[in-house]
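Given next are the chains, with one letter for each unit.
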Number of protein chains: 2
Amino acid sequence: MTRILTVAGAQLGPIQHADTRAATMARLIALLEQSAARGARFVVFPELAFTTFFPRWLIEDTAELDTYYEQGMPNAAVQPLFDRAKALGVGFSIGFAELTPEGRRFNTAVLVGADGAILLKYRKVHLPGSVEPRPQNRFQQLEKRYFEYGDLGFPVARGSAEWGAPVMGSLICNDRRWPEAWRCLGLQGVELVAIGYNSAAYDPNGGDAEDGARRVFHSTLAVQANAYMNATWAVSVAKAGVEDGAGLIGGSVIVSPDGLIAAQATTEGDEVIVADCDFDACQQGRGPGKIFDFAAHRRPEQYRRIVEQTGALPPA
Amino acid sequence: MTRILTVAGAQLGPIQHADTRAATMARLIALLEQSAARGARFVVFPELAFTTFFPRWLIEDTAELDTYYEQGMPNAAVQPLFDRAKALGVGFSIGFAELTPEGRRFNTAVLVGADGAILLKYRKVHLPGSVEPRPQNRFQQLEKRYFEYGDLGFPVARGSAEWGAPVMGSLICNDRRWPEAWRCLGLQGVELVAIGYNSAAYDPNGGDAEDGARRVFHSTLAVQANAYMNATWAVSVAKAGVEDGAGLIGGSVIVSPDGLIAAQATTEGDEVIVADCDFDACQQGRGPGKIFDFAAHRRPEQYRRIVEQTGALPPA
């Protein structure tokens with residue numbers, strides 16, 4: 001049985017605060033259709049793909065804040081995307097702000113099968129930023145204020161037999177820089193990691209000299225190396241461009257289990273990238289006797305520091 | 001106080017089985033002197049730097065096997081290197097096969113201060129290869145036969161005040177591909193990771209199509225990404241070239257805490273690379289509120305799988 005799935009990364013350009021939900025939905029559906037037209041059976045959309053990246057603002061009115069969150073997935077507003085995907089026979093992953101019936105808030109992604117059923121839900125573990133706004137800054141990063149830490153671990157699910165039954169997992173934005181997150185997926189045999197991100201292209205407050213090229217380099221480096229070290233495919237997809245006055249990097253990539261770039265975005269706008277993901281290629285890294293045959297080579301008894309402390313504890 | 005240390009990587013070309021210990025010692029001392037002449041105060045030598053990479057052979061005679069091991073460090077045979085380093089006021093790290101008084105065998109590295117005292121001893125945790133030879137193969141990889149798994153964890157030590165008192169650690173060869181190893185150092189605030197390696201440039205038995213360029217790419221990728229994700233300097237140094245009929249990659253690198261290549265070898269022979277390592281540059285990644293401020297952002301309660309299982313457990 002060949003286990004090759006044609007996968008797309010559907011990079012989004014900016015979604016401005018002034019854009020209507022209907023306009024955004026039309027863009028998402030257009031990207032889905034372009035992906036399907038290029039042969040993709042699974043499409044990865046970015047983090048928080050239905051709205052502007054609202055954690056850049058302090059929003060004190062709960063009713064206003066709620067407008068950025070989805071209550072139920074799917075819901076009426078996003079149903080057209082689910083319907084079009086099902087009609088095309090295409091699965092997808094997408095990130096959104098989740099507001100639960102109990103009033104809990106998470107930065108969440110779902111993986112959806114070609115039949116429209118949700119295969120997997122993941123809630124972002126590595127929330128960057130701060131709880132309290134930094135008064136001197138025009139732009140904030142308030143994910144720690146607007147979301148709880150993900151409480152679902154790092155789940156995986158098998159895709160359908162038609163896709164080659166790959167083990168699939170999800171990471172969200174900053175998670176991709178944390179090797180612990182990748183390893184938790186790798187230890188479940190993950191073969192495709194779907195990642196969405198909104199990453200600043202520069203410090204919008206002017207306090208940090210790192211430019212967009214450096215930040216794309218870091219994003220790509222982390223995905224390439226962690227894909228290699230876990231012998232998995234990875235599809236890492238940006239919301240990009242200048243959004244409500246703050247720049248976001250592009251650089252969406254599809255990376256092979258060998259750590260090589262199979263496809264890469266060249267713009268900071270809506271753009272589809274496509275690659276054929278051969279899941280059997282994961283065996284080059286992880287097969288019996290290979291470098292990343294975890295059962296043969298890992299030494300968990302030496303790793304306890306990873307779970308027994310949080311911060312760094314330098315010697316005296 | 002500026003915290004800049006000029007560091008060298010002293011790549012070795014092959015050490016053939018027929019080479020004398022005296023000839024090898026002369027090469028090591030020449031590299032040390034070249035490093036010092038270029039301003040280096042600390043020099044990183046490769047793994048198993050005193051001999052050919054003997055785990056490529058099945059050696060059944062214990063007396064013959066013992067000739068590859070050091071009993072005591074320093075010992076009379078290596079004392080000239082220690083003496084010359086002390087005279088130059090240069091510290092170094094070097095890898096060797098360790099045979100303890102109790103008859104235990106490890107793949108070991110020591111970090112040595114400018115005063116000649118051993119700062120730190122590390123025993124390789126991630127031993128590749130197999131215990132039993134593969135009869136069909138002309139060349140073996142028998143590290144699991146000739147060494148016990150390292151039993152010292154991932155220790156760090158502070159370098160001297162003259163060096164800026166950096167937190168220093170060591171990894172050996174295959175360890176550099178394991179993010180758990182890097183993170184155990186990162187959680188101790190490591191600022192300089194000294195790495196030595198002997199890595200095959202191709203499958204000497206012809207069973208695997210990966211070529212040397214791909215293998216250098218993987219080596220460099222793993223070091224760049226793990227240095228970035230732990231906001232540390234890394235000096236990763238090869239024994240390179242065709243050694244006793246089997247090819248070893250070069251590609252020695254010095255990598256900044258930003259994951260950038262600060263210096264890189266261009267040959268597969270004896271070659272010194274040098275860079276100025278500014279330890280305060282680690283703060284760009286790990287300082288308070290930064291991306292890799294571990295205390296603020298890590299979520300160890302989600303990482304338990306890393307220590308509670310060894311091999312991958314895919315879903316049904």
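What counts, and where the lines are drawn
- Residues numbered from 1 in each chain as written.
- Chains lettered and ligands numbered in written order.
- Predicted model: local features only at pLDDT ≥ 70, side-chain atom pairs only at ≥ 80, totals over all residues.
- Heavy atoms only, no water.
- Least-squares fit on C-alpha atoms with pLDDT ≥ 70 in both.
- Contact = heavy atoms within 4.5 Å.
- UniProt positions renumbered as here; feature names shortened; annotations may be inferred.
- Helix = DSSP H or I, 4+ residues; strand = E, 2+ residues; numbered from the N terminus.
- Expected span 1.5 Å × (residues − 1).
- Buried < 20%, exposed > 50% of the residue type's maximum accessible area, 1.4 Å probe, protein only.
- Arc of directions from axis to C-beta.
- Pairing = 2+ DSSP bridges.
- Right-handed = clockwise from strand over helix to strand, strands pointing away.
- Axes fitted to C-alpha atoms, helices over the stretch in contact; angles between N-to-C directions.
- Parallel < 35°, antiparallel > 145°, perpendicular 65-115°, else oblique.
- Left-handed = near helix turned anticlockwise from the far one by under 90°.
- Nonpolar A, V, L, I, M, F, W, Y, C, P; charged D, E, K, R; others polar.
- Buried area = accessible area lost by both parts, 1.4 Å probe.
- Salt bridge = Lys/Arg side-chain N within 4 Å of Asp/Glu carboxyl O.
- Polar contact = N/O pair within 3.5 Å; in protein donor to acceptor, adjacent residues only side chain to side chain.

## Here's the deal with the relation of the copies chain B and chain A
At step 1: Take chain B, turn it by 180°, move it 0.0 Å along the axis, and it overlays chain A with an RMSD of 0.0 Å. Seen this way, the second copy is the image of the first under a two-fold rotation axis.
At step 2: Mapped onto chain A, 100% of the interface residues of chain B are again interface residues, and the two copies thus contact each other with one and the same surface.

## Digging into the UniProt feature "domain: CN hydrolase" (unreviewed entry) in chain A
At step 1: Following the UniProt record, one finds the feature "domain: CN hydrolase" (unreviewed entry) at residues 5-279 of chain A.
At step 2: With 23% helix and 28% strand, the stretch residues 5-279 of chain A has end C-alpha atoms that lie 8 Å from each other.

## Quick notes on helix H1 (residues 21-37) of chain A
All names here are of chain A.
At step 1: With 17 residues, H1 ought to run about 24 Å at 1.5 Å a step, and its terminal C-alpha atoms sit 24 Å apart, in line with that.
At step 2: Thr24, Met25, Leu28, Ile29, Leu31, Leu32 and Ser35 are the residues of H1 that are buried. The arc that holds every buried residue of H1, seen down its axis, measures 155°, which confines them to one face. Exposed and oriented more than 90 degrees from the buried face of H1 are Ala22 and Ala37.
At step 3: Tucked into the core, H1 has its buried residues touching strand S1 (4-11), strand S2 (42-44), helix H3 (79-88), strand S4 (91-99) and strand S15 (271-278).
At step 4: In the stretch just after H1, Gly39 is the one whose phi turns positive, near 95°.

## Some remarks on the pairing of strand S9 (residues 192-197) of chain A
Residue and element names in this part refer to chain A.
At step 1: Counted residue by residue, S9 has 6 buried out of 6 residues, so it is predominantly covered.
At step 2: What you see with S9 is no split at all: Leu192, Ala194 and Gly196 on one side and Val193, Ile195 and Tyr197 on the other are buried throughout.
At step 3: Across 5 bridges, the pairing between strand S8 (residues 167-172) and S9 is parallel. The residue of S9 that forms the bridge with Met168 is Leu192.
At step 4: Each parallel crossover has a hand, and for S8 linked through helix H5 (residues 179-186) to S9 it is right-handed.

## So, the sheet that holds strand S14 (residues 261-264) of chain B
All names here are of chain B.
At step 1: With respect to topology, 6 strands assemble into an open sheet ordered S7-S8-S9-S10-S13-S14, the strand pairing being mixed. Two strands lie at the open edges of the sheet, namely strand S7 (156-158) and S14, each paired on one side alone. Each neighbouring strand pair of the sheet contributes to a mean axis angle of 20°, computed without reference to strand direction.

## Considering the packing of H1 of chain A against H3 of chain A
Residues and elements named next belong to chain A.
At step 1: Packing of H1 against H3 leaves a shortest axis separation of 10 Å and a crossing angle of 15°. Overall, the two elements H1 and H3 adopt an arrangement that is roughly parallel. For the element pair H1 and H3, the recorded crossing hand is right-handed. Taking contact as the criterion, the partners of Met25, Leu28, Ile29, Leu32, Glu33 and Ala36 in H1 are, on H3, Pro80, Leu81, Arg84, Ala85 and Leu88.
At step 2: Of the residues that constitute the contact of H1 with H3, the class distribution is 9 nonpolar, no polar and 2 charged.

## Structural notes on the interface of chain B and chain A
How big an interface is tends to be reported as the loss of accessible area on association of its parts.
At step 1: Contact residues are listed per partner, giving 66 residues for chain B and 66 residues for chain A.
At step 2: Summing the contributions of chain B and of chain A, the shared interface buries around 6100 Å²; its carbon and sulfur component is 61%.
At step 3: At the surface where chain B touches chain A, the tally comes to 6 salt bridges.
At step 4: Among the ionic pairs, Arg183 of chain B bridges to Glu180 of chain A, the shortest N-O distance being 2.6 Å.
At step 5: Here chain B and chain A share 36 residue pairs in polar contact (both at pLDDT 80 or more) between them.
At step 6: Among the elements that line the side of chain B that touches chain A, the one with the most residues is helix H6 (residues 212-230) of chain B, at 9 residues.

## Quick notes on unusual backbone geometry
At step 1: Here the amide bond leading from Met73 of chain A into Pro74 of chain A is cis, since omega sits at 0°, within 30 degrees of zero.
At step 2: On the secondary structure map, Pro74 of chain A appears in the loop between strand S3 (69-70) and H3.
At step 3: With a phi angle near 50°, Cys173 of chain B is a residue other than glycine that sits in the positive phi range.
At step 4: Examined against the element boundaries, Cys173 of chain B turns out to sit in the loop between strand S8 (167-172) and helix H5 (179-186).
At step 5: Taking the relative accessible area as the measure of exposure, Cys173 of chain B reaches 5% and is therefore buried.

## Brief notes about the environment of Asp276 of chain B
All names here are of chain B.
At step 1: Mapped onto the elements of the fold, Asp276 is located in strand S15 (residues 271-278).
At step 2: For the pair Asp276 and Arg3, spaced 273 residues apart in sequence, the C-alpha to C-alpha distance is 9.9 Å.
At step 3: Ignoring sequence-local partners within four residues, the contact set of Asp276 consists of Ile4, Leu5, Thr6 and Trp233.
At step 4: A polar side-chain atom of Asp276 sits 2.7 Å from a polar atom in the side chain of Thr6.

## Digging into the sheet that holds strand S10 (residues 233-238) of chain A
All names here are of chain A.
At step 1: Within the open sheet, the 6 strands sit side by side as S7-S8-S9-S10-S13-S14. Their pairing is mixed. Bordering the open sheet on either side are strand S7 (156-158) and strand S14 (261-264), each of which pairs with just one other strand. Sheet twist, expressed as the mean angle between neighbouring strand axes with direction ignored, is 20°.
At step 2: Where S9 lies against S10, 6 bridges are found, and the strand directions are parallel. Bridge pairing in S10 places Ile195 opposite Ser236.
At step 3: Across the sheet, H5 is in contact with S7, S8, S9 and S10; its angle to S8 comes to roughly 165°.
At step 4: Relative to strand S13 (residues 253-255), helix H6 (residues 212-230) is tilted by about 20°, and along the sheet it contacts S9, S10, S13 and S14.

## Some words on the pattern of salt bridges
At step 1: Applying the stated criterion across every chain yields a total of 48 salt bridges over all chains.
At step 2: Close ionic contact of Asp280 of chain A with Arg3 of chain A constitutes a salt bridge, the shortest N to O distance being 3.1 Å. With Asp280 of chain A in the loop between S15 and helix H7 (283-286) and Arg3 of chain A in the segment before S1, this residue pair connects regions lying 277 residues apart in the sequence.
At step 3: With relative accessibility at 36%, the residue Asp280 of chain A sits in the partly exposed group.
At step 4: A residue is classified by how much of its surface remains accessible, and Arg3 of chain A, at 14% relative accessible area, is buried.
At step 5: Residue Arg145 of chain B pairs with Glu132 of chain B through a salt bridge whose shortest N-O separation is 3.6 Å. Here Arg145 of chain B is found in helix H4 (residues 143-146), whereas its partner Glu132 of chain B is found in the loop between strand S6 (118-123) and H4, with 13 residues between them in sequence.
At step 6: Relative accessible area serves as the criterion here: at 33%, Arg145 of chain B is assigned to the partly exposed category.

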